[in-house]
Each structure stands twice: as structure tokens, then as C-alpha cells.
Amino acid sequence: MEKIPILKMGDFLLVTVQIDLYDRLALNLEADLVNMINKHQAKGVLIDISAVNIVDSFMGRILSNIAQMSKILDALTVVVGMQPAVAITLIELGLPMTGVRTALNVEKGMELLKRNRILDSEEEETTSTDEDDSAE
Amino acid sequence: MKIEVTKLNIANEMDVVLAHRRAMQIAKFAGISLPEQTRFATAVSEICRNCLEYAREGNIIFYADNDSEKAAIEAEIRDKGKGITGLDKILERDPLTYRGRGLGIIFARRLSDQFEIRSGTGGTVVRIRKTSFSKKTSLSKIIIDGWKKHIQDEPSLSAYEELKIRNAQLLEITDELRQQKDQIELLNQRLRQSNKNMQEFTFAISHDLKTPLTSLKLSLSLMQPGEKDARLTDVINRSVNRLDKTIHGLIDILHIQNPDKQVIRDVRFAQLMQEVEEDHRASIQSTKAKIHLNFKKAETLSYLEGYAKSILTNLISNSVKYRSALPLSITILTEPTKKGVRLTYTDNGIGIDLSQNSSDIFKPFRRLTTVGEGKGIGLYMIKTMVENNGGSVQVSSTPGTGTTFIFDLVKYE
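Residues numbered from 1 in each chain as written. Chains lettered and ligands numbered in written order. Predicted model: local features only at pLDDT ≥ 70, side-chain atom pairs only at ≥ 80, totals over all residues. Heavy atoms only, no water.

Colleague: Would you explain the nonpolar core in this entry?
Modeller: Counting 79 residues, the largest nonpolar core has A:I47, B:V44, B:I60 and B:F62 as the members making the most contacts within it. If near-sequence neighbours (up to four positions away) are discounted, A:I47 is found in contact with A:V15, A:V17, A:L33, A:L63, A:I66, A:T77, A:V78, A:V79 and A:V80. By size, the runner-up hydrophobic cluster in this structure holds 46 residues, among which are B:V267, B:L312, B:L343 and B:L379. (Core = buried A, V, L, I, M, F, W, Y, C linked by side-chain atoms within 4.5 Å. Buried < 20%, exposed > 50% of the residue type's maximum accessible area, 1.4 Å probe, protein only. Contact = heavy atoms within 4.5 Å.)

Colleague: Looking at this model, I keep getting lost on the packing of helix α6 (residues 159–222) of chain B against helix α7 (residues 230–256) of chain B. Mind explaining?
Modeller: When two helices pack together, their arrangement is captured by the angle between the axes and the distance separating the axes. All names here are of chain B. Contact geometry of α6 with α7 gives a least axis separation of 9 Å together with a crossing angle of 160 degrees. On the basis of the axis angle, α6 is roughly antiparallel to α7. Both α6 and α7 take part in a crossing whose hand is left-handed. For the pair α6 and α7, contact is made by F201, I205, D208, L209, T211, P212, L213, S215, L216, S219, L220 and L222 and by L232, V235, I236, S239, V240, R242, L243, T246, I247, L250 and I253, respectively. Across the contact of α6 with α7, the residue classes break down as 16 nonpolar, 5 polar and 2 charged. (Axes fitted to C-alpha atoms, helices over the stretch in contact; angles between N-to-C directions. Helix = DSSP H or I, 4+ residues; strand = E, 2+ residues; numbered from the N terminus. Parallel < 35°, antiparallel > 145°, perpendicular 65-115°, else oblique. Left-handed = near helix turned anticlockwise from the far one by under 90°. Nonpolar A, V, L, I, M, F, W, Y, C, P; charged D, E, K, R; others polar.)

Colleague: What is the right way to look at empty space enclosed by the protein in this model?
Modeller: The gaps of empty space that remain are located by a probe, the size of a water molecule, rolled over the atoms. Residues and elements named next belong to chain B. Inspection of every chain in the model, using the stated rule, returns 2 cavities of 30 Å³ or more. In this structure, the largest cavity is lined by V267, F269, L272, L301, Y303, A308, I311, L312, L343, F407 and L409. For the lining of the largest cavity, the elements supplying multiple residues, two or more each, are α8 (269–279), β8 (300–304), α10 (305–321) and β12 (402–410). Here the element with the most residues in the lining of the largest cavity is α10; it accounts for 3 residues. Here the lining of the largest cavity is built from residues that sort into 11 nonpolar, no polar and no charged. The computed volume of the second largest cavity comes to approximately 30 Å³. (1 Å grid on protein atoms, 1.4 Å probe; cavity = no way out; pocket = protein on both sides within 12 Å on 5 of 7 lines; lining within 4 Å. Points joined across faces, edges and corners; volume = space filled by probe spheres on them.)

Colleague: What is the right way to read the packing of aromatic side chains from this model?
Modeller: For any pair of aromatic rings, the description rests on two quantities: the centre-to-centre distance and the angle between the ring planes. Residues and elements named next belong to chain B. Taken as a whole and assessed by the stated rule, the structure comprises 4 aromatic pairs over all chains. Between F29 and W147, the aromatic rings sit 5.6 Å apart at their centres with planes inclined by 35 degrees, giving tilted as the arrangement. Of the two residues, F29 sits in helix α1 (residues 13–29) while W147 sits in helix α5 (residues 141–153), which places them 118 residues apart along the sequence. The class of F29 is partly exposed, set by a relative accessible area of 24%. Stacked on the ring of Y63, the Lys or Arg K2 has its end atom at 4.6 Å from the ring centre. (Phe/Tyr/Trp six-rings, centres within 6.5 Å; stacked < 30°, edge-to-face > 60°. Lys NZ or Arg CZ within 6 Å of the ring centre and 35° of its normal.)

Colleague: How should I be thinking about the sheet that holds strand β2 (residues 12–16) of chain A in this particular structure?
Modeller: Each strand in a sheet pairs with another by means of backbone hydrogen bonds, the pair being arranged parallel or else antiparallel. All names here are of chain A. As summarised here, the arrangement of the 5 strands in space is β1-β2-β3-β4-β5, forming an open sheet in which the pairing is mixed. Strands at the two margins of the open sheet, each flanked by one partner only, are β1 (6–9) and β5 (101–103). The sheet shows a mean angle of 25 degrees between the axes of neighbouring strands, taken without regard to direction. As defined by bridge partners, strand β4 (residues 76–80) adjoins β5 across 3 bridges and the pair is classed as parallel. The residue bridging V80 from the neighbouring strand is A103, located in β5. Lying on the sheet, helix α1 (residues 23–40) is in contact with β1, β2 and β3 (44–48); it crosses β2 at an angle near 160 degrees. Helix α2 (residues 57–72) rests against β3 and β4 of the sheet, and its axis sits at about 150 degrees to β4. (Pairing = 2+ DSSP bridges.)

Dropping the structure here:
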């Protein structure tokens, strides 16, 4: 059975989809990702779909599902490397890709995740200070 | 004209990927821009996915249409599922507000230049047409043949496709093997029957050979040296004659079982009967037989000359042998059939009691009567000859009144 590898990079998970997703593969990826986020307490997921040709409603739904599940587990999903033709088709479709953030390429995607992480930790710090204050 | 470019069946999710790739490829051939290729291919994959999910399997055919005002490429996806219930409602769904599945059709329709869907209890047919061509493309037969060749010759898109092709080939081979097996079984059956016939034949002939031999032996042992007993010599003579006849019969049978040496000719029945009557002149004259012929409806037949003659000779000689007290009368008629000629032969002889012997009359070395002298191979030979190329023979008879044979002779090509 084919599997799509999920790499851990610090706080983030990197998924590079090199082949066209078919149903079972996509559903497995969904499950694997959720497990990995939980296991590594990842704060972000970067999905590179630059090699993917088929982005139809099924793929859109899978990406959207992953984003929403990750969000519940406190991780941000960024999809990068979408081909221009695919982007055009997605707009034509009017497919709602709820919760999915996008970036042009892996580099930009990583930046986005890092920036988000910094914002998060700042927030955490402020919250923790608040908590300290209230404790006193 | 709508020309089929390629087709594939959709039996699992990998096929959806394949269908998508083919759609991209064909759209590219047609000179459509990349975004339009993607639109077309995405529409195709949406419908293929539906087809797989709701009908479990189906097939997709890609066409190129160069007939209408505007050239088009078309993907036709068919399945034999239960059909889509509430299709009108589904088509009214708005993807921006509707949450849930079942948007595939709407997406596909949005992405197509022309979209057609028909669904009933017999299954669903979807046609996705792309008519927007970015540059002038000629979809002539030659060019489309080129596409076909390209698709055929290109290395498989994936290991899965390779497997799929191999699988299809295997299925074809299996089918062929099955047919061959059936044929072999049929041949086997015929062989078994033929073997059984052979056994009966051997049994009959050994009996026919043994009886005169036994009496020969007995007579010889009774003979004294130097003595010449007329009675014993007579027995010996008769036994030798019987042996001779049996062996001649055997040779005749061997001869007709080898039709390769025979010549196919346009046999003229009238001429053939003249020859046969010539050969039987003595017996026909002595019995004052009257032979009525009517070959007007079918005068000739392309047949093995030797066979045709042998069949008639045997029939006449039987009629002469088994005639009744009345003057012998024989009638022979012909009429054309689809495959050759039907020949009806009737005599007014002693007849055959078919109620008792119907299964035996065409078997070798079976004599059904003690009247006259015979070897019991005439009818066997006739049947063998007629059936050699798919012909058939039927017999009806009333003891004391006569016999009718109906031959369906099949012409030789």
C-alpha cells in the first residue's frame, strides 16, 4: 500500500504529495496527519501540492477536512505550490476551502507558519502573564 | 462526425486518476489552453468519482467531434447504476450555501462548455463537451488517428495502468482458452462416440469373419485326405465367398472413409443415374424394375462424384435385393435446399420394420433380414458419406409396402 510520507521539521509537519491522490490514499493521509499532529504536538502543517494535477471537489474536501481537524488540534494548515491552472479551476468551481491557508511555495509557506507561531507564543506569554497576575 | 479516441473502464479509484490524465492529454492534443484542459479534466474526474461511488463501476469514452459548427471534444461517462433520484433538486444546489456531498455534478456542469445528463433506472449517462478552443485545430480523421496511435504507443502512465492493460490481455487470453477448451471437449465427445462406433464395428466384423472361418475349419477337419466330398466342398466354397464379401466390404468402407482422394464435381443427377443403371442393367432387366426420375427442380449438385454414385448404387442394389412380389418400382426426386439438394428415394420393396430396428439400420455389418444375400454395410456407407460434410438422412418405411429415404445433401465448396 502506498503512503504519503509526513516529515517532522521542528514544530511543523511537512507533507509533499508527489502523486495524484486517489481516494484511499487521501483518506489515509487524513488519518496519518491527525495522528502525527497529536504525537509530535505539531503547531503547523505544510502541504505541498505542486505535483498534484487533480484538484476536484474531492481533493478540496480532503484539504478542507485536514485544515479543520488540524485547527481543532491547534495546528495551522498551509497549502502551497498550487498550479495556476488548478487555481483557476478552483475559482470556477466556487469550492469552499474552509480553513485552508495558502502560500505560493514551500519557503513562503514556512515563513507563514513561523510568523503564526511567534504570534501564538506572544499571545501565550501575555495570557500566562495575565494568569500570573491574577494568581497574585 | 464523432470519432472515438479512447475509452477506459472505471472500476476503482486509480481509474479516476487515469481518466483525469487522459482528459488532460486529449484536451492538450486539441490545442486547448492549460486552464481549460484542467477544467475539462476536473469535470471528468468529478463525474468519474460519482460514477464509482454511486454505481461502483462504469466506463468513459473520449470523442472528438468535427461535424458540428464548432469542433468539440467530448467525454461520455456511462454507468449501469440505479440512476440518480431527485436529479433536479441536486442540480439546484448552490455550492456556496449547500454543505455536504453531492456537489460533483454541479461542479462538472460549471466546468463544461456543454453538459448533458440523463439518468434513469437503467443507469446514468453524462456528456461533458469542451468547445472553447484557443487556437484553430483541425479535428480531421487523420489527426485523430494520430492521437489514437499516440495514446496506444506511449508508455504506460503508471504501473497501475500497465497492470490494467496486462489484466485486460490476460482476460482476453483466458477467454480464448475457454473457447478452445470447449472445442476440445466437443472433439473429445466426438472421439468417444467414434471410438464406441469403432468398437461395435470391430465386434461386428470379427463375428462376420469368424463364422465362415469356423465352418471352414470344421469342414476341413471332416475331410479325409484324397476324398472329395461334394457337400463339404460346397460348404467350403460358400464360406470362402462370405469371407471374400466381408473383406471387400471392409475395403469399400476404408475407401469411403478417405474422402480426400475424391474429386468434387458438378454432378448431373440424370447423367449419374444413366451410369448407375448401366452398371445394374442385368438385375434391373431381370426384375423388370421401373425407375421414375424427376430432377427438374435441382439438376446438379457440387458433390464428390464417387460418393454420389456410390449412394445411388447402394440404394438401387438394396431395392433390387429386397424387392417384394410386385414389379419393382423406384422413384427418385430432387429439390433445392439452402445448403444443397434434398433427394427423395422411394421403392415398393419389402420395407424395414423400424419399430424394432430403427437404431440399428445404419450400423455396419447389421443385417435386419435373412432375405437375400447382403453384407450389411450398404446403409452404413451411405450414412457415412452423407454425413461427411454435414448432410443428413432420414428413413421411413412400412413393412410390405416400401421404404422412403430422404437425403439432405450438402454441396461441397
